[in-house]
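Read off the chains here:
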Amino acid sequence: MDPNRRTFITKSLYGALTILGLGFFIPAARILVPSAGPEKATVFYPLISEDEVPRAGVKRAELSYTVSGKERKARVFLVSSPEGLTALSATCSHLGCLVNYRKDRREFLCPCHGGRYELSGKHIAGPPPAPLTRFPVKVEKGVVLVGIKV
């Protein structure tokens, strides 16, 4: 075999393998490196009247809001304490079951797998990997508004 031909075949083979390697590397890099998508804006939706908020304790309410023309609903717990008003999602961070408030224990309990949360939403026990989702809250013109990222 001619040395020039051998050099050409060797370089061609290395070039083809390099192209194949890049074909695998570029998609893998896209998966491993998170892309910074457009930042979502927080839109506030009315929940309940300020008069319905307990002075201290927990009130369950249903939030109705519209995203991209679709009507959505979410159960929310309003926690009123000396620190202020907090809105927590009633969806467990484990598998998405709806949690219930146990007044006698002053904690939230997930009926599916026994996850427990403090009044602040912090995970106490059970399989949930994260706390309950906190929503921004503000009161305007006598109405409690809850913020949802859309």
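Look up a bit, the structure's there.
Here we summarise the structure given alongside this text. For every chain, the first residue of the written sequence is number 1, and numbering continues from 1 along that sequence. Per-residue local features are limited, in this predicted model, to residues with pLDDT of at least 70; the limit for side-chain atom pairs, both in listing and counting, is 80 or more; totals at the level of whole chains, interfaces and linings are taken over all residues. Side-chain metrics in this entry use all non-hydrogen atoms of the structure; hydrogen atoms and water are not considered.

### Digging into a nonpolar patch on the surface
Like charges are joined within 9 Å and nonpolar side chains (Val, Leu, Ile, Met, Phe, Trp, Tyr) within 5 Å, but only among residues with over 30% relative accessible area and no salt bridge; these make up the patches. Throughout, the Shrake-Rupley method with a 1.4 Å probe supplies accessible areas, and for residues the shown protein chains are the sole cover considered. Note on definitions: salt bridges are taken to be side-chain nitrogens of Lys or Arg within 4 Å of carboxyl oxygens of Asp or Glu. A cluster of nonpolar side chains, contributed by Leu13, Tyr14, Leu17, Leu20 and Phe24, occupies part of the molecular surface with about 600 Å² of accessible area. Here Leu13 is to be found in helix H1 (residues 3–32). Counting from the N terminus, the helices are the DSSP runs of H or I reaching at least four residues and the strands are the DSSP runs of E reaching at least two.

### A few points about the sheet that holds strand S7 (residues 116–117)
Ordered by their spatial adjacency, four strands build an open sheet running S5-S6-S7-S8, and the pairing between neighbours is antiparallel. Whereas interior strands pair on both sides, the edge strands pair on one side only; in this sheet they are strand S5 (100–102) and strand S8 (123–125). Pairing geometry for S7 and S8, over two bridges, is antiparallel. Its bridge partner lying in S8, Tyr117 is registered against His123. A pair of strands is considered paired only if DSSP assigns at least 2 bridges between the two.

### What about the state of the cysteines?
Cysteine sulfur atoms are paired as a disulfide whenever they come within 2.5 Å of each other. Tallied over the entire structure, the rule returns one disulfide. Of the cysteine sulfurs around Cys92, a residue in no disulfide, the closest is that of Cys110, at 3.8 Å. Using a 1.4 Å probe on the protein chains alone, a residue whose accessible area is under 20% of its type maximum counts as buried, one over 50% counts as exposed, and one in between counts as partly exposed. Of the residues examined, Cys110 reaches a relative accessible area of 3% and is grouped as buried.

### Re the side chain of Thr86
Structurally, the position occupied by Thr86 is in strand S4 (residues 84–89). A polar side-chain atom of Thr86 sits 3.3 Å from a polar atom in the side chain of Arg134. Contacts are assigned to residue pairs that have any heavy atoms within 4.5 Å of one another. If we skip the residues at most four places from it in the chain, Thr86 touches Phe77, Leu78, Val79, Arg134 and Val137. Contacts described as polar in this section are N or O atom pairs within 3.5 Å, which, within protein, must combine one atom able to donate a hydrogen with one able to accept it, while residues neighboring in sequence count only if both atoms come from side chains.

### Things to note about the pattern of salt bridges
Counted by the stated rule, this structure contains five salt bridges. Between Glu62 and Lys73 there is a salt bridge, with the nearest N and O atoms lying 3.9 Å from each other. Remark: Lys73 occurs in strand S3 (residues 70–81) and Glu62 occurs in strand S2 (residues 57–67); sequence separation between them is eleven residues. Of the two residues examined, Glu62 and Lys73, each falls in the exposed class. The network of salt bridges with shared partners includes Arg105, Glu107 and Arg116.

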